[in-house]
Amino acid sequence: MDILLAIAIMALGAVVLGAALGYASIKFKVEGDPLVDKIEAILPQTQCGQCGYPGCKPYAEAIAKGEAEINLCPPGGMEGVQRLADLLGREVKPLDAEEKPKQVAIIDENTCIGCTLCIQACPVDAIIGAAKQLHVIIGQQCTGCELCLPPCPVECIHMEAVTENIDNWKWKYPVVEIKAAPVKEAA
Amino acid sequence: MLMNLFKFKGGVKPPTNKTQSLGRPIAQAPIPSRLVVPLHQSIGGTPRPVVQAGDKVLKGQLIGEADGWISAAVHAPTSGTVVDVAMHVQPHPSGLDALCVVIEPDGKDEWIPREPVDYKALTPEQVRERLQQAGVVGLGGAVFPTHGKLTASKTVPMEEMVINGAECEPFITCDDLLMRERAEEVVRGAGIFRDLLQPKKVLIGIEDNKPEAAAAMRAAVQAVGETFEVIQVPTLYPAGGAKQLIRVLTGKEVPAAKRSTDLGVQCFNVATAYTAWRAIAHGEPVVSRLVTVTGNVHEPRNYEVLIGTPMDELLKLATPHPDTDGIVMGGPMMGFLVPDPKVPVVKATNCLIAHSDRLFPPKAPEMPCIRCGACAQACPHELQPFEMYWFSRAKNFGKTQEYHIFDCIECGCCSFVCPSRIPLVQYFRFAKSEIWAREREKNAADQAKERFEFKQLREEREKAEKAEKLAKAAAAQAAKKAAEAAAAAASGDTPAEAPGPASAETATTPAAPSAADAEKAAKLATIQAAMERAKAQREAAQPKNTEQLTPEQQRAADEIEARRVAAKLVEPVASANPANEKAE
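Quantities reported herein were computed from a predicted structural model and do not represent experimental measurements. Think of each chain on its own: its residues are numbered from 1, step by step along the sequence as written. By the order in which they are written, chains take letters starting at A while ligands take numbers starting at 1. Per-residue local features of the predicted model are confined to residues with pLDDT of at least 70, and side-chain atom pairs are confined, for both listing and counting, to 80 or more; whole-chain, interface and lining totals are unaffected and use all residues.

K.L.:
What am I meant to see in the overall build of chain B here?
P.N.:
Comment: elements are numbered from the N terminus, with helices defined as DSSP H or I runs of at least four residues and strands as E runs of at least two. Along chain B, the regular secondary structure elements total 16 helices and 17 strands. Our radius of gyration looks at C-alpha atoms and nothing else; its globule reference is 2.2 Å times the residue count to the power 0.38. For 584 residues, the compact-globule estimate of 2.2 N^0.38 gives 25 Å, and the C-alpha radius of gyration of chain B, at 40 Å, exceeds that figure by more than 25%.

Pasting the structure below:
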């Protein structure tokens with residue numbers, strides 16, 4: 001009799017807890033994949049497609065699903081790989097491409113024919129212009145993705161590395177000078 | 001005048017070294033051979049240059065127009081010719097270049113027509129605008145545009161206005177000399193600020209190692225007939241920090257991420273008050289400032305210097321000793337070695353110290369932190385520098401922010417007392433600029449993401465709109481053509497079926513459900529419209545001479561027609577339109 005009571009109590013407990021869990025899973029359901037958002041926050045949002053995915057979000061989704069390596073994003077650099085590895089608990093791998101300094105695209109005003117092809121290619125709408133009018137790149141919005149280079153029929157766009165200026169200059173890490181201790185000569 | 005003074009925690013007492021440069025009155029520095037006037041001399045937007053190479057300018061003429069509200073205009077310091085508007089090295093620890101206007105003086109020092117005004121006849125807005133146009137900025141070192149500080153908070157009543165004459169940093173005496181020699185104009189300038197802000201009290205704080213300045217200010221306050229209180233505060237570095245002086249004089253502690261106006265206090269430097277008075281009552285924009293030239297020189301002295309004067313030319317006036325190997329801009333606590341002796345004097349330059357190893361012996365090497373806590377005791381902001389150091393060094397920037405690194409005013413007290421000679425402030429500057437850089441990157445990434453998503457959204461929307469428009473146009477055209485065809489068929493002899501209405505229906509009905517369908521339907525409709533047209537043309541082009549044929553002719557024609565049908569060159573007339581069926 002005791003054993004039956006125990007089983008009944010356990011069964012009741014299981015039913016109650018199961019119902020509670022079931023309710024909670026519906027009530028507190030998380031929309032979307034929070035991991036994708038976390039990965040996307042690390043990616044530089046260049047939207048350059050150098051990883052082989054059409055934008056940063058698809059790449060983040062692929063990483064979250066485990067379909068993509070974490071070292072495919074050249075603009076994110078080694079620091080990005082490191083942070084992704086920390087987030088996902090994966091192994092740090094060397095970057096699958098050359099790490100480049102941050103750059104912006106510049107249109108040569110004398111060569112531009114106003115064909116609007118680069119405007120269509122720009123993923124972040126950082127190029128202004130109209131048909132047969134000179135196009136201009138908004139330097140602050142340019143992510144340096146280089147997607148405007150191939151469509152240009154007259155090759156009037158070139159990339160320029162972002163140089164340090166007074167506004168974006170950073171204090172350097174204080175260097176600790178290490179000097180060799182004077183060698184004591186045996187007396 | 002007895003008044004209860006408050007105290008701030010921490011602080012240090014470095015040797016003041018002020019007497020050297022106090023012996024002589026202010027001297028006018030001669031016009032240098034060439035002036036390099038940086039456009040960006042204050043916090044806020046970089047002024048836009050309004051002159052170009054070859055322009056003749058007069059003293060006080062506008063050369064850089066304020067860009068935005070928090071920005072101040074820049075003026076030609078003397079008359080002459082603009083020889084260049086180009087990048088030149090700046091008095092900035094980075095040693096990087098920024099846009100400057102280079103002026104070759106003509107030696108006449110000819111002013112623009114100056115327009116003195118009675119500010120009491122102007123509205124507060126007009127006064128603020130005049131100050132902005134005259135390039136009046138905080139001359140205590142932070143160079144914040146003064147007009148931006150002259151709007152009282154709407155919710156908090158203005159209690160006290162503090163005029164900062166503390167000048168706590170060693171070696172610097174320019175504010176001291178200014179108060180001794182030009183006290184009346186300082187008081188009148190403070191009067192302008194008072195009238196704009198309407199505080200209940202005006203407190204002038206002066207460190208008690210400047211009794212002459214305090215006496216001169218008291219006399220000036222009486223002479224002008226104001227009710228300002230001149231208060232001598234204990235000499236303790238950094239009593240001249242705005243938050244520290246406010247604390248000492250009013251007992252109010254300005255919390256992190258809040259401004260003093262939120263507590264009903266505002267603070268101005270004495271030199272700022274002086275330039276404000278010159279700007280309003282004399283119509284003279286800020287083209288010069290007082291600079292203490294001291295350190296490793298024969299004749300330390302204060303000079304009235306034109307903005308843009310190369311520092312090496314200024315230093316020569318005080319005849320530096322031969323072992324001088326650099327110039328420190330600012331004091332020994334917060335100043336920095338300028339990257340090039342030719343950099344110009346700017347509005348933020350209050351002091352030049354000729355550097356030599358004799359005067360400032362090189363620091364012994366840094367030792368490990370022993371966590372003695374001396375820095376925490378010295379910190380005037382009650383921070384824990386040893387913790388911030390630890391995390392800055394480890395590049396754990398989140399933690400440095402938890403320890404309120406952005407409340408650090410970089411006064412250097414912690415580095416001054418550190419027994420291990422750790423350059424703590426350098427670590428904090430490194431951490432701060434690194435955090436700012438990350439913030440910038442994060443904002444840029446967020447913006448790029450937003451723009452990318454918007455572009456995708458827009459492209460999709462445009463596609464849908466285009467498809468819809470196309471479908472509508474095609475449908476309309478098809479209907480029109482069908483009607484024409486029907487009309488043509490009706491007028492012609494051969495009775496033809498009229499597919500018009502049916503085709504119009506097929507084109508219009510699927511346009512509604514979705515964009516993809518609409519697109520498909522639009523394409524189909526176009527194809528169909530073209531076919532209708534072709535058919536109508538064919539029908540319209542039917543030869544009219546087929547009516548009176550001989551039976552042979554008719555037979556021959558029929559045979560030819562049959563062959564053509566057999567060769568699939570034409571469709572049999574009676575067959576239904578395949579496109580029409582497909583669309584349905």
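K.L.:
How do you make sense of the interface of chain B and chain A when you look at a structure like this?
P.N.:
Accessible area lost on assembly of the parts is the figure often given for the size of an interface. With C-beta atoms placed from the backbone, a contact is any residue pair whose C-beta atoms sit within 7 Å. Contact residues are listed per partner, giving 22 residues for chain B and 23 residues for chain A. Amino acids outside the nonpolar list (Ala, Val, Leu, Ile, Met, Phe, Trp, Tyr, Cys, Pro) and the charged list (Asp, Glu, Lys, Arg) are all regarded as polar, and Gly is one of them. Residue classes in the side of chain B that touches chain A are distributed as 10 nonpolar, six polar and six charged.

K.L.:
How should I be thinking about the packing of helix H2 (residues 174-181) of chain B against helix H6 (residues 270-281) of chain B in this particular structure?
P.N.:
When two helices pack together, their arrangement is given by the angle between the helix axes and the distance between those axes. Residues and elements named next belong to chain B. Helix axes are fitted only over the stretch in contact, all axes being lines through C-alpha atoms; the angle between N-to-C directions runs from 0 to 180 degrees. It is at 9 Å that the axes of H2 and H6 come closest, and there the two elements cross at 50°. Relative to H6, the element H2 lies oblique. For the crossing formed where H2 meets H6, the hand is left-handed. On the side of H2, the interface is formed by Asp175, Leu178 and Met179, while H6 contributes Val270, Ala271 and Tyr274. Residue composition of the contact of H2 with H6, grouped by class: five nonpolar, no polar and one charged. Any angle from 65 to 115 degrees is called roughly perpendicular, while one under 35 is roughly parallel, one over 145 is roughly antiparallel, and all others are oblique. Crossings are assigned a handedness: left-handed for a near helix turned anticlockwise from the far helix by less than a right angle, right-handed for a clockwise turn.

K.L.:
Looking at this structure, how should I read the sheet that holds strand E4 (residues 56-57) of chain B?
P.N.:
Pairing between the strands of a sheet is mediated by backbone hydrogen bonds and can be parallel or antiparallel. Residues and elements named next belong to chain B. Strand pairing follows a simple DSSP-based rule, namely that at least 2 bridges must link the two strands. Spatial strand order, E2-E8-E7-E4: four strands in an open sheet with antiparallel pairing. Each end of this open sheet is capped by a strand with a single partner; those strands are strand E2 (35-38) and E4. Looking at chain direction, strand E7 (residues 80-89) and strand E8 (residues 97-105) are connected through nine bridges and run antiparallel. In the strand pairing of E8, Val85 is matched with Val101.

K.L.:
Is there a simple way to explain the nonpolar core in this structure?
P.N.:
Nonpolar side chains in soluble globular proteins tend to be buried together. Membership of the largest hydrophobic core comes to 125 residues, with the highest contact counts inside it found for Phe193, Met217, Ala273, Val291, Leu314 and Leu352 of chain B. Summarising the domain contributions, this core has at least three residues from each of domain 1 (124-283) and domain 2 (374-439) of chain B. In this structure Leu352 of chain B touches Val291, Val293, Met311, Leu314, Leu315, Ile327 and Met329 of chain B, once residues within four positions along its chain are discounted. Defined on buried residues, the nonpolar core groups Ala, Val, Leu, Ile, Met, Phe, Trp, Tyr and Cys residues joined through C-beta atoms within 7 Å. Three exposure classes are used, all based on how many other C-beta atoms lie within 10 Å of a residue's own C-beta (placed from the backbone): buried at 20 or more, exposed at 12 or fewer, and partly exposed between those limits. With 16 residues, the next largest nonpolar core counts Cys122, Cys145, Leu147 and Cys152 of chain A among its residues. Residue ranges for the domains originate in an automatic or database domain assignment.

K.L.:
What's the story with the domain arrangement of chain A in this structure? I'm lost.
P.N.:
Residues and elements named next belong to chain A. Its domain assignment divides chain A into domain 1 (34-88) and domain 2 (101-166). Just the C-alpha atoms count here: the centres of domain 1 and domain 2 sit 25 Å apart. The interface of domain 1 with domain 2 comprises five residues on the first partner and seven residues on the second. Grouping the constituent residues of the side of domain 1 that touches domain 2 by class yields one nonpolar, four polar and no charged.

K.L.:
I would appreciate a short explanation of the sheet that holds strand E5 (residues 62-65) of chain B in the present structure.
P.N.:
Residue and element names in this part refer to chain B. Pairing is antiparallel across the open sheet formed by three strands, whose spatial order is E3-E5-E6. Two strands in the sheet have a free side with no partner beyond their single neighbour: strand E3 (48-49) and strand E6 (74-75). Pairing of E5 with E6, which is carried by two bridges, proceeds in the antiparallel orientation. Residue pairing in the sheet places Gly64 in a bridge with Val74 of E6.

K.L.:
Which parts of the structure should I look at to understand helix H15 (residues 551-566) of chain B?
P.N.:
Side chains that are three or four residues apart share a direction in an α-helix, a result of its 3.6 residues per turn. Each helix should span, by expectation, one fewer than its residue count multiplied by 1.5 Å. Over its 16 residues, H15 of chain B runs 22 Å from end to end, which matches the ideal 22 Å to within 8%, given 1.5 Å per residue. Across the 16 residues of H15 of chain B, zero count as buried, placing the element largely on the outside.

K.L.:
Sorry, what's going on with the pairing of E2 of chain B here?
P.N.:
Every regular strand shows the same layout, with side chains that alternate between the two sheet faces. All names here are of chain B. Side chains Leu35 and Val37 project from E2 onto one buried face, and the interleaved Val36 and Pro38 project onto a second face that is buried too. The pairing of E2 with E8 spans four bridges and is antiparallel. Considered in E8, the bridge of Val37 is made with Val101.

K.L.:
Just to check I follow, could you spell out the environment of Pro25 of chain B for this structure?
P.N.:
Residues and elements named next belong to chain B. The residue Pro25 is located in the segment before strand E1 (27-28) in this model. Classification of Pro25 by C-beta neighbours within 10 Å gives exposed; the count is 10. Expressed as a C-alpha distance, the spacing of Pro25 and Asn302, which sit 277 residues apart in the sequence, is 7.1 Å.

K.L.:
Would you mind showing me how to read the environment of Ala242 of chain B here?
P.N.:
Checked against the element boundaries, Ala242 of chain B lands in helix H5 (residues 242-250). Taking the C-alpha atoms as reference, Ala242 of chain B lies 17 Å from Pro170 of chain B; in sequence the two are 72 residues apart.

K.L.:
Would you mind showing me how to read helix H1 (residues 124-133) of chain B here?
P.N.:
Residues and elements named next belong to chain B. Regarding H1, the residues found buried are Val127, Arg128, Arg130, Leu131 and Gln132. Looking at the buried side of H1, the elements it contacts are helix H3 (183-197) and H6. Positioned one or two residues after H1, Gly135 has a phi angle of 70°, which is positive.

K.L.:
What should I look at first to understand the pairing of strand E9 (residues 160-164) of chain B in this one?
P.N.:
Residues and elements named next belong to chain B. Summarising burial for E9: five of the five residues are buried, a large majority. Here E9 runs beside strand E10 (residues 201-207); their pairing, made up of five bridges, is parallel. Bridging across to E10, Asn164 finds its partner in Gly205. One ladder, built from five bridges, connects E9 with strand E12 (residues 265-269); its direction is parallel. For Asn164, the partnering residue across the bridge sits in E12 and is Asn269.

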